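These are the residues of each chain, in order.
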Amino acid sequence: MNGNWVAKFPSASGQPREAKLVISNGAGTYQLLAKSRDDPCVGREAPIVISNESSEGFELGILASKALTGCRDSQWQAKRVDDRTYEGVFGDGRKFMLMRQ
C-alpha cells in the first residue's frame, strides 16, 4: 500500500474528479485536485488512516475535520482488483478507483 496513488471518481453532480493520496505505513494524506471559492474544504490536504487491510482490500478513512474544523470525514471501502488498482462504491452509488502511480 505504501506509495503514491490517484483516486478517480465522479462528483455528486457527475463531473470527473481526481485526488492524490500518499500512503506510508497505514497513514498519509489525501488531497482533492480541485478548488472552490465557496467551500474551503475542497482541495485542502487532509490526513488519512488505512485500516482492515487484507488481501481483498482495505478501509480508507479521510479525516478532513482534522485539516479544518467543519470539513466532513469520509470512509471508503476499497476492494482489490490487482496490485496497482482498487475500486469501490460510495453510499450514493458513485464508483471510485484507486491507482498506484
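Residues numbered from 1 in each chain as written. Predicted model: local features only at pLDDT ≥ 70, side-chain atom pairs only at ≥ 80, totals over all residues. Heavy atoms only, no water.

### What to know about the pattern of salt bridges
Pairing of side chains with opposite charge becomes possible as their charged atoms draw close.
Here is step 1: Tallied over the entire structure, the rule returns three salt bridges.
Here is step 2: For lysine 8, the salt bridge is made with glutamate 18, and the minimal N-O distance between the two is 3.5 Å. Of the two residues, lysine 8 is situated in strand β1 (residues 3–10) and glutamate 18 in strand β2 (residues 16–24); the sequence distance between them amounts to 10 residues.
Here is step 3: Under the relative-accessibility criterion, glutamate 18 is labelled partly exposed at 34%.
Here is step 4: In this structure, arginine 94 and aspartate 92 form a salt bridge, with 2.9 Å as the shortest nitrogen-oxygen distance.
Here is step 5: Judged by relative accessible area, arginine 94 falls into the partly exposed class, the value being 23%. (Salt bridge = Lys/Arg side-chain N within 4 Å of Asp/Glu carboxyl O. Helix = DSSP H or I, 4+ residues; strand = E, 2+ residues; numbered from the N terminus. Buried < 20%, exposed > 50% of the residue type's maximum accessible area, 1.4 Å probe, protein only.)

### What about the state of the cysteines?
Between two cysteines, a covalent bond joining their sulfur atoms is known as a disulfide.
Here is step 1: Inspection of the entire model under this criterion finds one disulfide.
Here is step 2: In this model cysteine 41 forms its disulfide with cysteine 71; the gap between the sulfur atoms is 2.0 Å. The sign of the -95° torsion about the S-S bond sets the cysteine 41-cysteine 71 disulfide as left-handed. Taken as a pair, cysteine 41 in the loop between β3 (27–32) and β4 (46–54) and cysteine 71 in the loop between α1 (64–67) and β6 (74–82) lie far apart in primary sequence, 30 residues in all.
Here is step 3: Residue cysteine 71 is classed as buried on the basis of its relative accessible area, which comes to 7%. (Disulfide = S-S within 2.5 Å.)

### What to know about the sheet that holds strand β5 (residues 57–62)
Here is step 1: Overall, antiparallel pairing links the eight strands, which are arranged β1-β2-β3-β4-β5-β6-β7-β8 in a closed barrel. The mean inter-strand angle of the sheet, taken between neighbouring strand axes irrespective of direction, is 30°.
Here is step 2: Where β4 lies against β5, five bridges are found, and the strand directions are antiparallel. By the bridge assignment, valine 49 is partnered in β5 with glycine 61. (Pairing = 2+ DSSP bridges. Axes fitted to C-alpha atoms, helices over the stretch in contact; angles between N-to-C directions.)

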